[in-house]
Amino acid sequence: MDKIHCHSCEKRCYGEALRVQDFHFHPACFACKACGAQLAQQGFYMHEDQFFCSKDYLEKFGTRCHTCGEFVEGDVISALGNTYHQHCFVCANCRQAFPPGEQVTQEGDDCFCERCLSQRDAESQTARVCPKCEGFVEPGNGLQAMDSIWHLWCFCCTECGADLRSKYVVKDDKPFCEKDFNRLHGIRCDLCQEYIAGKVVQAGESYFHADCSTCAECGKHVLEETDVFVLGEFPCQVVVPVCMPENVSISPPLLLP
């Protein structure tokens, strides 16, 4: 009988020996090449005639799933140049497995089934319907405003029809040029009489630009006060209580019996 030598230590095996593939080992020598863990009672992998425990083999030579990043063992799916667990290779939109033989479309790191792509294309077509004329907006002929896509020539002032590609104001879901919006719905500052665009400061029944709403006496910004007084007609004055002129008296009305 031929002499048997251990594949690991290369010494002759006497008595008990393990046979793995075409190799023999002393029981104590059959260990992971990387960490030295005994392999006789656990699963192992072989790579280039060397044996490894599962953990070290996967760390050194394993393949990770493109979706979850975990190591892939057992049945795998290879598609689009990547490897996946069977349960990880699903449509990025509906999260359903791809039917056998179905075309898979990859966009970046995501894969999509034919049904979801068709649905998305249909929704995209619907989204490109101009809300004014209800015609389809061809690429290059539209602009996006008010959460919709419009023909360039359809996005105009509701009142005068002026082109609104540079600036517009929305009221009741309708676009207006600034001039018509101010004429129909605008608020004038009670101090400078100019229309207010942006933040409005209200004092009683009067309205002011934020920059105009300062006390005429001390210059203090009225937003810091809970009570303010508006004196006179245009040009009026905004006054905080502590600065009220001595000749002005503010009293609550008396309730008559």
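Residues numbered from 1 in each chain as written. Predicted model: local features only at pLDDT ≥ 70, side-chain atom pairs only at ≥ 80, totals over all residues. Heavy atoms only, no water.

Engineer: Quick rundown of the overall build of the chain? Include the residues and the values.
Structural biologist: Helices and strands together make up the secondary structure of the chain, namely three helices and 16 strands. Taking all 257 residues of the chain together, 27% fall into the buried category. A sequence separation of at least 24 residues applies to 13% of the contacts in the chain between residues at least 6 apart. Of the roughly 17,700 Å² that the chain leaves accessible, carbon and sulfur atoms contribute 47%. (Helix = DSSP H or I, 4+ residues; strand = E, 2+ residues; numbered from the N terminus. Buried < 20%, exposed > 50% of the residue type's maximum accessible area, 1.4 Å probe, protein only. Contact = heavy atoms within 4.5 Å. Areas by Shrake-Rupley, 256 points an atom, 1.4 Å probe, with all protein chains shown as cover.)

Engineer: Account for the layout of surface pockets, with residues named and values stated.
Structural biologist: The space that makes up the largest pocket amounts to roughly 160 Å³. Lining of the largest pocket is provided by His7, Ser8, Phe25, Cys29, Phe30, Ala31, Lys33, Asp49, Gln50 and Phe51. Looking at side-chain class alone, the lining of the largest pocket contains five nonpolar, three polar and two charged residues. (1 Å grid on protein atoms, 1.4 Å probe; cavity = no way out; pocket = protein on both sides within 12 Å on 5 of 7 lines; lining within 4 Å. Points joined across faces, edges and corners; volume = space filled by probe spheres on them. Nonpolar A, V, L, I, M, F, W, Y, C, P; charged D, E, K, R; others polar.)

Engineer: Mind laying out the state of the cysteines, listing which residues take part and the relevant values?
Structural biologist: Within the structure shown, the criterion is met by zero disulfides. Cysteine Cys116 shares no disulfide, and the gap to the nearest cysteine sulfur, in Cys113, comes to 3.6 Å. The thiol sulfur of Cys133 is not disulfide-bonded, and the nearest other cysteine sulfur, from Cys154, lies at 3.9 Å. (Disulfide = S-S within 2.5 Å.)

Engineer: Any chance you could break down helix 3 (residues 178-185) for me, citing the residues and the numbers?
Structural biologist: Of all the positions in helix 3, only Asp180, Phe181 and Asn182 are classed as buried. Next to the buried residues of helix 3 lie strand 11 (169-171) and strand 12 (174-176).

Engineer: Please provide a residue-by-residue account of the environment of Phe71, values included.
Structural biologist: Along the polypeptide, Phe71 turns up in the loop between helix 1 (54-61) and strand 5 (76-79). A relative accessible area of 19% places Phe71 in the buried class. Distance in space between the C-alpha atoms of Phe71 and Phe61 is 10.0 Å, their sequence separation being ten residues.

Engineer: Tell me about the confidence of the model for the chain, and please be specific about residues and values.
Structural biologist: Of the residues in the chain, 77% have a pLDDT of 70 or more, and the chain-wide mean is 75. The lowest-confidence element of the chain is strand 15 (residues 229-231), averaging 45 in pLDDT; the highest-confidence one is strand 12, averaging 89. Overall, residues 238-257 carries pLDDT values under 50, and its contacts beyond four positions in sequence, including any with other chains, amount to 31 contacts. (pLDDT = per-residue confidence, 0-100.)

Engineer: Account for the side chain of His85, naming residues and giving values.
Structural biologist: You can see His85 is positioned in strand 6 (residues 82-85). If we skip the residues at most four places from it in the chain, His85 touches Cys65, Cys68, Glu70, Phe71 and Val72.

Engineer: Could you give me a rundown of the environment of Ser8, with the residues and numbers involved?
Structural biologist: Turning to its location among the elements, Ser8 is positioned in the segment before strand 1 (18-20). Linking Ser8 and Phe25, residues 17 residues apart in sequence, is a C-alpha distance of 6.6 Å.

Engineer: Could you give an account of the packing of aromatic side chains, with specific residues and numbers?
Structural biologist: Taken as a whole and assessed by the stated rule, the structure comprises 13 aromatic pairs. Following the ring pairs from residue to residue traces out a cluster consisting of Phe23, Phe25, Phe30, Phe44 and Phe51. In this arrangement the basic side chain of Arg64 is found over the ring face of Phe71, its NZ or CZ atom lying 4.0 Å from the centre. (Phe/Tyr/Trp six-rings, centres within 6.5 Å; stacked < 30°, edge-to-face > 60°. Lys NZ or Arg CZ within 6 Å of the ring centre and 35° of its normal.)

Engineer: Quick rundown of helix 1? Include the residues and the values.
Structural biologist: Residues Asp56, Tyr57 and Leu58 constitute the buried set of helix 1. Elements in contact with the buried residues of helix 1: strand 3 (44-47) and strand 4 (50-53).

Engineer: Would you mind going over the environment of His24 in detail, with residue names and values included?
Structural biologist: Inspection of the secondary structure puts His24 in strand 2 (residues 23-25). Placed 14 residues apart in sequence, His24 and Glu10 show a C-alpha to C-alpha distance of 9.6 Å. Setting aside its immediate chain neighbours within four residues, His24 contacts Ile4, His5, Cys6, His7, Leu18 and Arg19.

Engineer: Go over unusual backbone geometry with me, naming the residues and quoting the values.
Structural biologist: With phi around 50°, Glu48 is a residue other than glycine that occupies positive phi space. One can find Glu48 in the loop between strand 3 and strand 4.

Engineer: I'd love a proper account of the side chain of Thr83, names of residues and values included.
Structural biologist: Structurally, Thr83 can be placed in strand 6. Residue Thr83 is classed as buried on the basis of its relative accessible area of 19%. Those residues in contact with Thr83 that sit more than four places away from it in its chain are Thr63, Arg64, Cys65, His66, Val72, Val76, Ile77 and Ser78.

Engineer: Run through the pairing of strand 10 (residues 148-151), naming residues and quoting values.
Structural biologist: With four bridges connecting them, strand 9 (residues 142-145) and strand 10 associate as antiparallel partners. Bridge pairing links Leu143 to Trp150 in strand 10. Linkage of strand 9 to strand 10, two consecutive antiparallel strands, is achieved through a turn of two residues, within which Met146 is found at a positive phi near 55°. (Pairing = 2+ DSSP bridges.)

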